[in-house]
Amino acid sequence: MTLNCAVIGMGVGKKHADFINKSNYLNLTYICEKDPKKISKYKSFYKKTIWVTNDNKIFNDNLIDLIVIASYDNYHFSQIKKSLIKKKYIFCEKPICQNLNQLKKINCLLKNNKNTFLNSNLVLRSVEEFIKIYDILEKKKLGKIYYAEADYNYGRVIKLNGWRSEIPFYSVFSGGGIHMVDQICLNFNDLPVSVTAYSNKISTRNSKFKYNDFTVCLLKFKDNKIAKITANFGSVTNHHHLLKFYGTKGTIFKDYSETKLIFNRDKEKSKVIKINKTLKYNKSNLLKQYIDFIERKKKYKTLPNQNYIINLMLICLAVDYSIKKNKEIKINYKNICFK
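As a starting point, this report considers the structure included with it. (Residues numbered from 1 in each chain as written. Predicted model: local features only at pLDDT ≥ 70, side-chain atom pairs only at ≥ 80, totals over all residues. Heavy atoms only, no water.)

1. Remarks on the nonpolar core
Residues Leu66, Ile96, Ile106, Ile184 and Phe245 are the most contacted members of the largest nonpolar core, which totals 103 residues. With 11 residues, the top contributor of residues to this core is helix α9 (residues 306-325). (Core = buried A, V, L, I, M, F, W, Y, C linked by side-chain atoms within 4.5 Å. Buried < 20%, exposed > 50% of the residue type's maximum accessible area, 1.4 Å probe, protein only. Helix = DSSP H or I, 4+ residues; strand = E, 2+ residues; numbered from the N terminus.)

2. Quick word on the environment of Thr204
Within the secondary structure, Thr204 is located in the loop between β8 (194-200) and β9 (214-220). Looking at Thr204, the relative accessible area reads 2%, which means it is buried. Excluding residues that lie within four positions of it along the chain, Thr204 makes contacts with Val157, Leu160, Phe209, Tyr211 and Asp213. (Contact = heavy atoms within 4.5 Å.)

3. Concerning the sheet that holds strand β5 (residues 89-92)
Strand order across the open sheet formed by six strands is β3-β2-β1-β4-β5-β6, with parallel pairing between neighbours. Two strands bound the open sheet, and with one partner strand each, they are β3 (50-52) and β6 (118-120). The average angle at which neighbouring strand axes cross in this sheet is 20 degrees, direction not considered. Note that strand β1 (residues 3-8) and strand β4 (residues 66-69) share four bridges and pair parallel. By the bridge assignment, Ala6 is partnered in β4 with Ile67. Across the sheet, helix α1 (residues 13-22) is in contact with β1, β2 (26-32), β4 and β5; its angle to β2 comes to roughly 150 degrees. (Pairing = 2+ DSSP bridges. Axes fitted to C-alpha atoms, helices over the stretch in contact; angles between N-to-C directions.)

4. What to know about helix α7 (residues 172-188)
With 17 residues, α7 extends 23 Å between its outermost C-alpha atoms, agreeing within 8% with the 24 Å of an ideal straight helix rising 1.5 Å per residue. Its axis deflected by about 50 degrees at Ile178, α7 carries its strongest bend there. Where burial is concerned, most of α7 is hidden: 17 out of the 17 residues are buried. Regarding α7, its N-cap is Ser171, as a side-chain oxygen of that residue lies 3.2 Å from the backbone nitrogen of Phe173 further along. Downstream of α7 by one or two residues, Asn189 has phi in the positive range, about 55 degrees. (Expected span 1.5 Å × (residues − 1). Bend = angle between axes of the 7 residues up to and from the residue. Polar contact = N/O pair within 3.5 Å; in protein donor to acceptor, adjacent residues only side chain to side chain.)

5. Quick look at unusual backbone geometry
The linkage connecting Lys94 with the following residue, Pro95, adopts the cis geometry, with an omega of -5 degrees. For Pro95, the position within the fold is in the loop between β5 and α5 (100-112). For Asn189, which is not a glycine, the phi torsion comes out positive at approximately 55 degrees. Within the secondary structure layout, Asn189 lies in the loop between α7 and β8. One non-glycine residue, Asn326, adopts positive backbone phi at about 55 degrees. Looking at the element boundaries, Asn326 is found in the loop between α9 and β15 (329-332). A relative accessible area of 57% places Asn326 in the exposed class.

6. Side note on the layout of surface pockets
By volume, the second largest pocket amounts to about 790 Å³. Along the wall of the second largest pocket there are 33 residues; nearest its centre are Tyr134, Cys185, Leu186, Asn189 and Asp190. Mapped onto the lining of the second largest pocket, the elements with two or more residues apiece are β6, α6 (128-138), α7, α8 (285-296) and α9. Broken down by element, the residue count for the lining of the second largest pocket peaks at four residues, all from α7. Per-class residue counts for the lining of the second largest pocket are 16 nonpolar, seven polar and 10 charged. (1 Å grid on protein atoms, 1.4 Å probe; cavity = no way out; pocket = protein on both sides within 12 Å on 5 of 7 lines; lining within 4 Å. Points joined across faces, edges and corners; volume = space filled by probe spheres on them. Nonpolar A, V, L, I, M, F, W, Y, C, P; charged D, E, K, R; others polar.)

Remember that the coordinates give geometry; whether it matters functionally is a separate question.
Here you go:
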């Protein structure tokens, strides 16, 4: 089976286009890009591919099986909607949408299209370092987990002055913090019942970026576990992720340069196991897994299902809603709403 594919957006989408283009069982039929500079720069690398500036040509082509959406965040909802109506498989960069009404419409369309699937690029799931942490927690080596911390330190503040400052709305939490929410929910094997969040715009106060650049939130779970997550886009650091899990028998610290397992409270007798830091990772790993699922129904524990993706998006929207309302927000997953 050969899948006919299309890629919309040649930012991170170029990584996906390269993966598809090199595959022997995938056909990169279309690339949609509106920026003439990118078209001029990349067109010669994809000689058998049709380049378009209007994405409707892709949706209206009945031969297209899979659409990879890597456009700006404010286009994701409309492109997912068109894809589902035309019964395409979808792999979308996060976030899949920007508000609650959009999420409800996507969920409704998914329920009415049983043979169509949606997935999203929660890329940290496929990184070896994070997989090792998951395996340790799954084997309950740390005992009962009661608290976790996760920090998404963007460190690329200059990028905030690009398209993120020009679209009608941009959320640093849905755009970046979502990866850390995913890591918490994946490793807790649970979803939070409520969120409380705060945000500010201090690091980029003199830039053209209009939106909050820092968000911190607390997630509360039904068994009393608590997690703190930050999306820190103005950090004076390189791009990295911090992750901590505290259990009754041990602790995991994934810090700036390495990951440690700690099994003793006594510093002098502390047993520390180091896990090497993964310096590079492939942004198309999950796309490969998703295609394996489509073609062979092969399941990976790192590949999220579409119900989970809807729930994850609902959590991120609840965080931004908590900031807006300045209060704790309870989440109703069944009805895709807030209490």
